[in-house]
Amino acid sequence: MADLNPQADLATHEVFNQPPPLEDYNLFRTDSALMEALSREGGDGMRAEVDAYGSELGRAENIEHGRLANACPPVLKTHDRFGRRMDEAEFHPSYHALMALGMKHGQHAIPWEGETGGHVIHTAMHYMMYQVESGVCCPLTMTYAARPALEMQPEAMQFWLQGSVSRDYDSRSIPATSKTGLTIGMAMTEKQGGSDIRANTTRAVARGRQGPGEIYDLTGHKWFCSAPMCDAFLTLAYTEQGGVSCFLVPRWRQDGARNGIHLQRLKDKLGNKSNASSEIEYHAAEAMMIGEEGRGVRTIINMVTHTRLDCATGSTSLMRQAVIQAGHHVENRMAFQRKLSQQPLMRNVLADLSLEQEAATVLSMRLARAFDEAATDPQAAAFSRLAVAVGKYWTCKRVGVVVGEAMECLGGAGYVEESILPRLYRESPLNGIWEGSGNVICLDVLRAMQREPESVAAFMAEIGTARGRDTRLDRAIDHMESELGRLDDIEFRARAVVEHMALTLQASLLTAAGPTAVAEAFLASRLDGGWGHTFGTLEPGLDLQPLIDRATPVAAG
Ligand SMILES: Cc1cc2nc3c(=O)[nH]c(=O)nc-3n(C[C@H](O)[C@H](O)[C@H](O)COP(=O)(O)OP(=O)(O)OC[C@H]3O[C@@H](n4cnc5c(N)ncnc54)[C@H](O)[C@@H]3O)c2cc1C
């Protein structure tokens, strides 16, 4: 029925003092810290492409794709109506649209195309896509990260090496040889052992000859296998004599039949809704061995190192999206006759959040450069070995509290499902769990310290360049040196040690790179004790406006 009294509606439903939606903005151009880092870390060769990606991702229709892909999660199809096995996950068109966008821009492929600064460019792209929709980043990241493992068997893997850098997204479930673009997943975790991969029970039996590049049949299960519509999966299984070995398991066999990979169910997860995470069984699944028999962990760690970089960036990205949502809201909302962004206590909170987030951006982009340099520079390789673990640990520990505090800046509007904040909040613990949970990462740092002392030397050399810039930083470096030299109770103290390494690295990077106001606020709060236990406890006297500007996307754009 038509509204009989439009005036009445106006009287009760006039909407004012509410921000417009944050959309149709360029995720790159409105992010000063990212733009500066792209140049500083060597990614300017594709600045125009990163800019174009940022512009496309910020369009209202792509933000809406991100919402829909999560509101309409994938559905498992085990069998067709005739009873034949299908073992597929059916996705919403919005998920496919964002996969196609990511692959078109080369988020998964650029580092392998020979471009200078390829990992830095990839990291900038991943960071922007993750803000709009993180679920698609799972297969995009795994496809990117699989390459160093595939390269352990270059001749046999030629087809996969080529197909996985295609810019075409081909969502069809058909044999890989008929597709225009390929994606690659990873299946390691089993029920009885996730972190402890050697507890795996999946068995591999050679069909004929044994060894790298040979065909095996795999039988067993994997308790977590995300993005099960990928065209192949890097997986671990025990051979009869050799021990844990790495295999590539395609979804379709060489003879054109479906491979013996049965999808048992999709996980009912806290967040990460757009991404299908499945439990699978291998029933004599056809697989090819990659790398040396019995050295499977060493082979797949080449992939895990790269996924860890993306975990660090992913957490950084969630922080960025949460902080700019907060910045946008407080800039467009009044309370007590003043904009929220002008209220002293809110300025303290927003500046503090912005500071935490920028420190994470600077760190992630520096890590990415180390990946670029590692191919030709052993020092960079040694630095990246340790620093990526430190960076993953710390950014993943910070993201949850940052997103929670940013949500509070939006008040009730941040807590409702129409807001992106609940999605960011639910996503925030995930990077901390996969690819090495917090403790496992800290133990990995200790392992590197014991077995690869060159990684500690490279880490110290990087931080050592900051000596003399600031007495607070010098003290932190001294403290770190003495902590790294103390071996008593080192396993018990590992989190404290890694945390201090992360903060000192961030401080050294910010003093070299960030605007003075950002570096000064970081030194004063994170290193000098001038900080409480929550955001918004920066001490008076700091120059907060630059931090607030950097968290307010439209004003800065
Ligand atoms: C949404 C989602 C998707 C996933 N997708 C995939 C996928 O595609 N492929 C895949 O292979 N896996 C996947 N995983 C699995 C993930 O990688 C594992 O959950 C993770 O590695 C941890 O293993 P776990 O769950 O067995 O925990 P556990 O290994 O049992 O660890 C439990 C806790 O104990 C801690 N811990 C372990 N060892 C020690 C120790 N020695 N000292 C102190 N603390 C310790 C860990 O840090 C952790 O906090 C996914 C997980 C999730 C949640």
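**Regarding the overall build of the chain**
Alright, step 1. Looking only at helices and strands, the chain has 20 helices and 11 strands in total.
Alright, step 2. Relative to a compact globule of 557 residues, whose C-alpha radius of gyration would be 24 Å, the chain shows 24 Å and is just as compact.
Alright, step 3. Considering the chain as a whole, with its 557 residues, one finds that 58% of them fall into the buried category.
Alright, step 4. Within the chain, counting contacts between residues at least 6 apart in sequence, those at least 24 apart form 72% of the total.
Alright, step 5. Of the roughly 22600 Å² that the chain leaves accessible, carbon and sulfur atoms contribute 52%.
Alright, step 6. Side chains of the chain carry 54 positive and 70 negative charges; the gap between the two charge centres is 4 Å.

**A word on the site of the ligand**
Alright, step 1. Taken together, 18 residues lie around the ligand, and Met186, Met188, Thr189, Ser195 and Ser226 are the ones closest in.
Alright, step 2. Phe224 is positioned such that a nitrogen or oxygen atom in its backbone is 3.3 Å from a nitrogen atom of the ligand.
Alright, step 3. A distance of 2.7 Å is found between an oxygen atom of the ligand and a backbone nitrogen or oxygen belonging to Ser226.
Alright, step 4. When isolated, the ligand has an accessible area of 970 Å², and the protein chains bury 67% of it.
Alright, step 5. Put simply, the parts of the chain that give the shell around the ligand at least two residues each are strand 3 (184–187), strand 5 (215–226), helix 13 (430–433) and helix 14 (438–451).
Alright, step 6. Looking at side-chain class alone, the shell around the ligand contains 10 nonpolar, 7 polar and 1 charged residues.
Alright, step 7. Residues from two domains meet in the shell around the ligand; each of domain 2 (176–296) and domain 3 (299–556) gives at least three.

**Section: the packing of helix 4 (residues 60–71) against helix 5 (residues 93–104)**
Alright, step 1. Running from N to C, helix 4 and helix 5 point in directions that differ by 130°, and their axes come no closer than 8 Å. One finds that helix 4 runs oblique with respect to helix 5. Considering how the two elements wind past one another, helix 4 and helix 5 form a crossing that is left-handed. Here Asn62, His65, Gly66, Leu68 and Ala69 of helix 4 come into contact with helix 5, specifically with Ser94, Tyr95, Ala97, Leu98 and Leu101.
Alright, step 2. When grouped by side-chain class, the residues that make up the contact of helix 4 with helix 5 number 6 nonpolar, 4 polar and no charged.

**Let's talk about the pairing of strand 1 (residues 75–79)**
Along a regular strand, successive side chains alternate from one face of the sheet to the other.
Alright, step 1. For strand 1 and strand 2 (residues 85–90), the ladder comprises 4 bridges, and the chain directions are antiparallel. Directly across from Leu76, in strand 2, lies its bridge partner Ala89.
Alright, step 2. Remark: 5 residues form the turn of the hairpin made by strand 1 and strand 2, two consecutive strands paired antiparallel; Gly83 in that turn has positive phi of roughly 95°.

**A closer look at the side chain of Lys267**
Alright, step 1. Residue placement: Lys267 occurs in the loop between strand 8 (261–266) and strand 9 (277–290).
Alright, step 2. In terms of polar contacts, Lys267 uses its side chain to reach the backbone carbonyl oxygen of Trp223, at 3.0 Å.
Alright, step 3. If we skip the residues at most four places from it in the chain, Lys267 touches Trp223, Phe224, Ser277 and Glu279.

**Considerations on the pattern of salt bridges**
Alright, step 1. The final tally for this structure, using the stated rule, is 44 salt bridges.
Alright, step 2. Arg59 is paired through a salt bridge with Glu61; the nearest N and O atoms lie 3.1 Å apart.
Alright, step 3. Close ionic contact of Asp444 with Arg447 constitutes a salt bridge, the shortest N to O distance being 2.9 Å. Linking Asp444 with Arg447, this pair stays in helix 14, spanning 3 residues, or about one helical turn.
Alright, step 4. Residue Asp444 is classed as buried on the basis of its relative accessible area, which comes to 7%.
Alright, step 5. Note on Arg447: relative accessible area 35%, which makes it partly exposed.

**What about the environment of Leu345?**
Alright, step 1. Inspection of the secondary structure puts Leu345 in helix 10 (residues 344–374).
Alright, step 2. Sequence separation between Leu345 and Leu538 is 193 residues; the distance between their C-alpha atoms is 9.9 Å.

**Points about the nonpolar core**
Alright, step 1. Residues Leu150, Leu218, Leu234 and Phe459 are the most contacted members of the largest nonpolar core, which totals 167 residues.
Alright, step 2. Leave out the neighbours within four places in its chain, and Phe459 touches Phe383, Leu386, Ala387, Val390, Met480, Met501 and Leu505.

**Digging into the pairing of strand 9**
Alright, step 1. By the criterion of burial, strand 9 is predominantly enclosed, with 11 of the 14 residues buried.
Alright, step 2. Taken together, the 9 bridges between strand 5 and strand 9 define a ladder with antiparallel strand orientation. Across the sheet, Cys225 pairs through a bridge with Ser278, a residue of strand 9.
Alright, step 3. Across 5 bridges, the pairing between strand 8 and strand 9 is antiparallel. Following the sheet pairing, His262 is matched in strand 9 by Glu281.

**Some points on the packing of aromatic side chains**
Alright, step 1. With the rule as written, the count across this model stands at 7 aromatic pairs.
Alright, step 2. An angle of 80° between the planes, with centres 5.3 Å apart, marks the rings of Phe159 and Trp160 as edge-to-face.
Alright, step 3. Take Trp160: its relative accessible area is 9%, and that puts it in the buried class.
Alright, step 4. Here the aromatic rings of Trp223 and Phe224 are separated by 5.3 Å at their centres, their planes lie at 70°, and the arrangement is edge-to-face.
Alright, step 5. Taking relative accessible area as the criterion, Trp223 reaches 32% and is therefore assigned partly exposed.
Alright, step 6. Residue classification places Phe224 among the partly exposed residues on the basis of a relative accessible area of 37%.
Alright, step 7. The ring of Phe224 has Lys267 lying over it, and the distance from NZ or CZ to the ring centre is 4.1 Å.

**Points about the state of the cysteines**
Alright, step 1. One pass over the full model with this rule turns up 0 disulfides.
Alright, step 2. Cys230 takes part in no disulfide bond, and the closest cysteine sulfur to it belongs to Cys138, at a distance of 7.3 Å.
Alright, step 3. For Cys230, a relative accessible area of 0% gives the class buried.

**Digging into the domain arrangement of the chain**
Alright, step 1. By domain assignment, the chain separates into domain 1 (32–77 + 85–150), domain 2 (176–296) and domain 3 (299–556).
Alright, step 2. Each of domain 1 and domain 3 has a C-alpha centre, and these two points are 22 Å apart.
Alright, step 3. Contacts between the two partners involve 34 residues from domain 1 and, on the opposite side, 34 residues from domain 3.
Alright, step 4. Broken down residue by residue, the surface that domain 1 buries against domain 3 is led by Tyr127, Tyr130 and Gln131, which jointly contribute 24%.

**Examining helix 4**
Alright, step 1. The end-to-end C-alpha separation of helix 4 is 16 Å, in line with the 16 Å expected for 12 residues at 1.5 Å each.
Alright, step 2. Tucked into the core, helix 4 has its buried residues touching helix 3 (47–57), helix 5, helix 6 (118–132) and helix 12 (421–427).

**Notes on unusual backbone geometry**
Alright, step 1. One non-glycine residue, Ala227, lies in positive phi territory at about 50°.
Alright, step 2. Turning to its location among the elements, Ala227 is positioned in the loop between strand 5 and strand 6 (232–239).
Alright, step 3. On the basis of relative accessibility, which here comes to 0%, the residue Ala227 falls in the buried class.

Rules of the game
Residues numbered from 1 in each chain as written. Predicted model: local features only at pLDDT ≥ 70, side-chain atom pairs only at ≥ 80, totals over all residues. Heavy atoms only, no water. Helix = DSSP H or I, 4+ residues; strand = E, 2+ residues; numbered from the N terminus. Rg over C-alpha atoms; globule rule 2.2 N^0.38 Å. Buried < 20%, exposed > 50% of the residue type's maximum accessible area, 1.4 Å probe, protein only. Contact = heavy atoms within 4.5 Å. Areas by Shrake-Rupley, 256 points an atom, 1.4 Å probe, with all protein chains shown as cover. Lys, Arg positive; Asp, Glu negative; His and termini not counted. Charge placed at Lys NZ, Arg CZ, Asp CG, Glu CD. Near = heavy atom within 4 Å. Polar contact = N/O pair within 3.5 Å; in protein donor to acceptor, adjacent residues only side chain to side chain. Nonpolar A, V, L, I, M, F, W, Y, C, P; charged D, E, K, R; others polar. Domains from an automatic or database assignment. Axes fitted to C-alpha atoms, helices over the stretch in contact; angles between N-to-C directions. Parallel < 35°, antiparallel > 145°, perpendicular 65-115°, else oblique. Left-handed = near helix turned anticlockwise from the far one by under 90°. Pairing = 2+ DSSP bridges. Salt bridge = Lys/Arg side-chain N within 4 Å of Asp/Glu carboxyl O. Core = buried A, V, L, I, M, F, W, Y, C linked by side-chain atoms within 4.5 Å. Phe/Tyr/Trp six-rings, centres within 6.5 Å; stacked < 30°, edge-to-face > 60°. Lys NZ or Arg CZ within 6 Å of the ring centre and 35° of its normal. Disulfide = S-S within 2.5 Å. Buried area = accessible area lost by both parts, 1.4 Å probe. Expected span 1.5 Å × (residues − 1).

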